[in-house]
Amino acid sequence: MAPGSWLVLSHLAADLNREGTGAMVRSFQRRGPAFVPRTKEGVERFFATNGLHPVDPRVIPVHRWCPDRAGPVPQVPDPEYLASLDLIDRIKYHCINDATDSDVSVYAAIAPKPRSARADT
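Residues numbered from 1 in each chain as written. Predicted model: local features only at pLDDT ≥ 70, side-chain atom pairs only at ≥ 80, totals over all residues. Heavy atoms only, no water.

(A) Structural detail: the nonpolar core. L7, L9, A13, V43, F47, L52, V59, Y107, A109 and A111 form the largest nonpolar core, which has 10 residues in total. When residues of this core are traced back to their parent elements, those giving at least two are strand 1 (6–12), helix 2 (40–49) and strand 3 (106–112). The leading source of residues in this core is strand 3, at 3 residues. Leave out the neighbours within four places in its chain, and L9 touches V43, F46, F47, Y107, A108 and A109. Core analysis: the second largest hydrophobic core is formed by 6 residues, L12, M24, F28 and V104 among them. (Core = buried A, V, L, I, M, F, W, Y, C linked by side-chain atoms within 4.5 Å. Buried < 20%, exposed > 50% of the residue type's maximum accessible area, 1.4 Å probe, protein only. Helix = DSSP H or I, 4+ residues; strand = E, 2+ residues; numbered from the N terminus. Contact = heavy atoms within 4.5 Å.)

Right under this line is the structure:
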C-alpha cells in the first residue's frame, strides 16, 4: 500500500453465525472461490500485523457502518423462487434496517496507511 492510501476491508465472520456462515462458505465453494471466515480478533490481528490502525467505528459488523443510510431493498420475488436461491443470493432481498449481526456475518473496517516511514509500518 502506498503511504497515505486507505485499506477498506470486509471479511466473512467466523463468530457471528457459525451455521449460517458455514452454509455461505459451502455455497461459495460450489461456485469456485475458497473462503476462510475469521473472528473479529482475527480481522483485528490482520490490521495490527500490517501496522494499520482502523478508524472508528473500528472492526464491526458491516451493517453497523451507516445503518441510517441504507439503500432501497429490491422487491421480494415470489416465495418459491426465493426459496430456490442460495443463501448468498437471498441477501439482497433483506432490509438492512432489520438485520442483526448474525444475519450479516461480515466484519468491516477501514484504516489509513501512515504517510511517515515509521518502524511499525
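(B) Spotlight on the pairing of strand 3. Burial analysis of strand 3 places 5 of its 7 residues in the buried class, the great majority of the element. Direction of pairing for strand 1 relative to strand 3: antiparallel, over a ladder of 7 bridges. Across the sheet, the residue bridging to H11 is Y107, located in strand 3. Across 2 bridges, strand 2 (residues 60–61) lies against strand 3 in antiparallel orientation. Looking across to strand 3, one finds that I60 is bridged to A108. (Pairing = 2+ DSSP bridges.)

(C) Structural context of the environment of K92. Tracing the backbone shows K92 in the loop between helix 4 (87–90) and helix 5 (101–104). Spatially, the C-alpha atoms of K92 and V76 are 9.1 Å apart, while their sequence positions differ by 16 residues.

(D) Geometry of the sheet that holds strand 3. Read from one edge to the other, the open sheet built from 3 strands follows the order 1-3-2, with strand pairing classed as antiparallel. Every other strand in the sheet has two partners, leaving strand 1 and strand 2 as the edge strands with one partner each. With respect to the sheet, helix 2 is in contact with strand 1 and strand 3, its orientation differing from that of strand 1 by roughly 155°. (Axes fitted to C-alpha atoms, helices over the stretch in contact; angles between N-to-C directions.)

(E) Inspection of the environment of E19 at higher detail. Following the sequence through the fold, E19 ends up in helix 1 (residues 18–31). In this structure E19 comes out as exposed when scored by relative accessible area, which is 70%. For the pair E19 and S102, spaced 83 residues apart in sequence, the C-alpha to C-alpha distance is 9.6 Å.

(F) Geometry of the packing of aromatic side chains. Evaluation of the coordinates by the stated rule reveals 2 aromatic pairs. Measuring from ring centre to ring centre gives 4.4 Å for F28 and F35, while their planes differ by 45°; the resulting arrangement is tilted. Both rings, one in F46 and one in F47, keep their centres 5.8 Å apart while their planes meet at 80°; by these two values the pair is edge-to-face. Accessibility expressed as a relative area gives 37% for F46, which makes it partly exposed. Taking relative accessible area as the criterion, F47 reaches 0% and is therefore assigned buried. (Phe/Tyr/Trp six-rings, centres within 6.5 Å; stacked < 30°, edge-to-face > 60°.)

(G) Representation of helix 1. With 14 residues, helix 1 should reach 20 Å at 1.5 Å per residue; the first-to-last C-alpha distance of 20 Å fits that figure. Looking only at helix 1, the buried set comprises T21, G22, M24, V25, S27 and F28. Residues of helix 1 that are buried make contact with strand 1 and helix 4. At the exit of helix 1 stands G32, carrying a positive phi of roughly 125°. (Expected span 1.5 Å × (residues − 1).)

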